[in-house]
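# Coordinate inspection notes
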Amino acid sequence: MLEIKFVRQNLERVQAALAARGDAADMKVFEDADEQRRTILAQIEELRHKRNVVSEQIAQMKRDREDAESLVLEMREVSATVKELEKKLSGHEAVIDEIVMGIPNIPHESVPAGKDETENTLYRKWGEPPEFGFFPKPHWEIGEALKILDFETASKITGARFPLYMGAGARLERALINFMLDIQTGEHGYTEILPPFMVNRTSMTGTGQLPKFAADLFKIEGWDYFLIPTAEVPVTNIHQNQILDESEFPICYTAFTPCFRSEAGSYGKDTRGLIRQHQFNKVELVKFSLPETSYDELESLLENAETILKRLELPHRVVTLCTGDIGFSAAKTYDIEVWIPSQGVYREISSCSNFEDFQARRANIRFKRKGKKGTELVHTLNGSGLAVGRTVAAILENCQTGDGSVIIPEALRPYMGGLERITGS
RNA sequence: GGAGAGAUGGCCGAGUCGGCUGAAGGCGCUCGCCUGCUAAGCGAGUGUGUGGUGAAAGCUGCACCGAGGGUUCGAAUCCCUCUCUCUCCGCCA
């Protein structure tokens, strides 16, 4: 959420930022409602002031055993007026709220302009796509042949777009989770979190999934709870409604969770394999930062995520999302994309964003500086470190051999009980 | 699922028959004094949000005692609804 004052004073800029995202909002409606709200608020406050003062008089008169009846009657009138005005006020506030909650973050100045993902810019690249000497198979074919992935059975159990891992496949998923967590906690200093996998509406609103993106979420019937679409939601909300101390920063958390996404509107995309599922595992990185260092923190968070791919020797690149492709809450986002040989393209495996104070304002996460009055909003950041299912897909495809077996990256072998290769038998 | 208790400022914790309580007291924190260092001690200050005014320090309005509604001239205090937390019983991995 942007600050209302900021929106009011930067109408054109907000409008422009919206346009850059290919979005639009009617700022005229906002302007009108905002002006009305302020006018009425001034009236209300004046009346309440009067009432406070007079009530004090009444109290004094009663103590002195004087007759205060006429003042009481007058104040009865005032209270009625206030009540009326308050009703009007809340109407305007609802309008403003809806508009402001629906305004996405303003992109950072370093974000390239562009209309969609085709205009994202390359930030850096690591490794070279492997040469196979045969046509690389898609990971679902490899996985099914090795009997470590079974999508058909998963759809029998639940439905389309759910994964079922078996044997070495299940082990591989688990190994990756541990591998990722160990690096982030042991080498990069993140604190491990294991949060609830369902959250309430307030938390979802705090990080920006609600109210605008309800259609992407799974809701629990009979409860106002939602399955988390990412650990970002429960982990960022750890500090919801808190005032942190300047000395605590940066606060770095990492969490493994399953993620649940209904992915409305993505029909027909990636219908096969692990790339796009209603449920997938992810190790997430979340940071709380001082405003002045948040962009440095974004760079280091990005590196922390990339480390995983380097250790796994998976070729990848980093792109900076352009204004048209950046997410609703983010001010700047890097996507890490891993090479998928069967498709001959790089596919997103991590998304690292700085939200600046956008989420902090919604979730009310602030901090205090030593010796300074008042509070400031913190900056929040997060990134995948990494999406586990997509990592499995990348390993199966990049490490496949002509005989259908898959060579396990060396760094992962300790987590696989020393296993070097997944074979059919 | 059944029975009970509770929700107050950064934290702990008072709030009497509704008015002088934005909130006692303590802790913590900040500044100053004192002390050979540390500790202790002494003094002063210290909520959040939002608006006005001011160059600034500051002054000042309004709101906020879990959330929402109600009663009243006036509510942290009374009434209703909801949420959450805790304890006991039952059930359960």
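Overview of the structure.

Parameters at a glance
Residues numbered from 1 in each chain as written. Chains lettered and ligands numbered in written order. Predicted model: local features only at pLDDT ≥ 70, side-chain atom pairs only at ≥ 80, totals over all residues. Heavy atoms only, no water. Salt bridge = Lys/Arg side-chain N within 4 Å of Asp/Glu carboxyl O. Helix = DSSP H or I, 4+ residues; strand = E, 2+ residues; numbered from the N terminus. Buried < 20%, exposed > 50% of the residue type's maximum accessible area, 1.4 Å probe, protein only. Near = heavy atom within 4 Å. Polar contact = N/O pair within 3.5 Å; in protein donor to acceptor, adjacent residues only side chain to side chain. Nonpolar A, V, L, I, M, F, W, Y, C, P; charged D, E, K, R; others polar.

Right, let's get into the pattern of salt bridges. In total, this model carries 20 salt bridges according to the counting rule given. Where K50 meets E74, a salt bridge forms, and the shortest distance between an N and an O atom there is 3.5 Å. Placement of K50 in helix α3 (residues 27-63) and of E74 in helix α4 (residues 69-101) is noted, with a sequence separation of 24 residues between them. A relative accessible area of 36% places E74 in the partly exposed class. Notably, a salt bridge pairs D403 with R421, separated by 3.8 Å at the nearest N-O pair. Of this pair, D403 sits in the loop between α12 (388-398) and β14 (406-407) while R421 sits in strand β15 (residues 421-422), and the two are 18 residues apart along the sequence. Under the relative-accessibility criterion, D403 is labelled exposed at 59%. On the basis of relative accessible area, R421 is assigned to the partly exposed category, the value being 34%. Residues joined in a network through salt bridges with shared partners are E246, E292, R369 and E376.

This next bit is on the protein's contact with RNA strand B. Residues in close proximity to RNA strand B total 23 residues, the closest being E45, R76, S79, R366 and T375. Those atoms of RNA strand B that come within 4 Å of the protein belong to sugar or phosphate at a rate of 70%. The backbone of V72 places a nitrogen or oxygen atom 3.3 Å from a sugar or linking oxygen of RNA strand B. If you list the elements that add at least two residues to the surface near RNA strand B, you get α1 (4-9), α3, α4 and β11 (365-368). Top contributing element to the surface near RNA strand B by residue count: α3, with ten residues. For the surface near RNA strand B, a count of residues per class yields five nonpolar, six polar and twelve charged.

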